[in-house]
Structures are given as C-alpha cells and as structure tokens.
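Descriptive analysis of the structure
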Amino acid sequence: MEKIEKPSFSVGERVEKLCAACDEERGHVVISVTKRGQISRVSCPKCGTSSTFKSAKRTPQRPSSQPGTPYDRTRTYRTGQTMLHPTYGQGEVTSVIEPQKIDVLFSDRMRRLIHAQ
Ligand SMILES: [Zn+2]
C-alpha cells in the first residue's frame, strides 16, 4: 500500500483561493483545519468572507505588481498597504488590531507585527 503524503496545514497559514465576494484570486487565511491537518475553512482578509476550502494545493505565488516598501515599525500602516519584510518578504496589511498592532498576510501565513512605534 502506498501512503500519499498530503500537505498539512495549520490555522493562520495562507492559501490562494478565488474569493466569490471579491471576484478575484487572492491570499486567504486558514481559520480552521481538520484533525488530519486539512483545511476546512478559510477567510478572505479583504472582505472578511469565510468559505469552505476543498483543494489543498499550494499554488505558486504570483509576483505582485506592487513591490511594497520595506517594513518600518515607526510607520503607521493602514489596511491594504503592502510591505517588504526583511525576513518574511512581501506582505499585505489585512487589519489594524490595536493602534500599534497590525495583522499582515505574508506569502506563507498571517503574522502580527507592531507599527507606529
Ligand atoms: Zn474577498
């Protein structure tokens, strides 16, 4: 019997998916996974729509048209802004959590960063 290795995911990771509400393919955030590590629900960081996720394929990143400016913790970011983090690479601000905390969606997963320091 052959064992097929399926990719295992965890909450907070990023997957590419077509958002029906935004009508575009974009990075979604995994919000729930099954016991076997398969994605069951994802959320669109742009419009907030959560939907079921069927295919667990990791699609290659498309190069973004906007390269983004280097991440600077002293800057104040707004939702939708892009940045280039020295460690995590290209990211998009999906929400401002607190006056000095932002959620940024990078190519692999969501991360919480500080800003406006
Ligand atoms: Zn959307």
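As a reminder, the structure under discussion sits directly above these lines.
Calculation rules
Residues numbered from 1 in each chain as written. Predicted model: local features only at pLDDT ≥ 70, side-chain atom pairs only at ≥ 80, totals over all residues. Heavy atoms only, no water. Pairing = 2+ DSSP bridges. Helix = DSSP H or I, 4+ residues; strand = E, 2+ residues; numbered from the N terminus. Donors = N, O, S within 2.8 Å, 3.2 Å for Na, K, Ca; no water. Tetrahedral: all angles 85-135°; square planar, octahedral: opposite > 155°, others 65-115°. Core = buried A, V, L, I, M, F, W, Y, C linked by side-chain atoms within 4.5 Å. Buried < 20%, exposed > 50% of the residue type's maximum accessible area, 1.4 Å probe, protein only. Contact = heavy atoms within 4.5 Å. Axes fitted to C-alpha atoms, helices over the stretch in contact; angles between N-to-C directions.

What the five strands build is an open sheet, ordered S5-S6-S7-S8-S9; its pairing is mixed. Of all the strands in the sheet, the pair left with one neighbour each is strand S5 (69-70) and strand S9 (110-114).

Right, let's get into the coordination of the zinc ion. Around the zinc ion, the protein supplies Cys19 (SG), Cys22 (SG), Cys44 (SG) and Cys47 (SG) as donor atoms, at distances of 2.2 to 2.3 Å. Classification of the site at the zinc ion as tetrahedral follows from its four donor atoms and the range of 102 to 113° in their angles at the metal. Read in sequence order, the donor residues for the zinc ion give the motif C-x2-C-x21-C-x2-C. Here the residue Cys19 occupies a position in strand S1 (residues 14-19), and Cys44 occupies one in the loop between strand S3 (39-43) and strand S4 (50-52), the gap between them amounting to 25 residues.

In this section: the nonpolar core. Ranked by size, the top nonpolar core spans eight residues in total: Tyr71, Tyr77, Met83, Val93, Ile102, Val104, Phe106 and Leu113. Considering each element in turn, this core owes the most residues, three residues, to strand S8 (residues 101-106). Tyr77 has contacts with Pro70, Tyr71, Asp72, Met83, Val93, Val96, Ile102 and His115, leaving out every residue within four places of it along the chain. Formed by six residues, the second largest nonpolar core is a distinct cluster that contains Val30, Ile39, Val42 and Phe53.

Another aspect to go through is the sheet that holds S1. Taken in spatial order, the four strands of this open sheet run S1-S2-S3-S4, and their pairing is antiparallel. On the outer flanks of this sheet lie S1 and S4, each paired with one strand and no other. The mean angle between the axes of side-by-side strands here comes to 45°, regardless of whether they run parallel or antiparallel. By the bridge criterion, four bridges tie strand S2 (residues 24-33) to S3 in an arrangement that is antiparallel.

Fair warning: the whole summary comes from geometry, so function is off the table for now.
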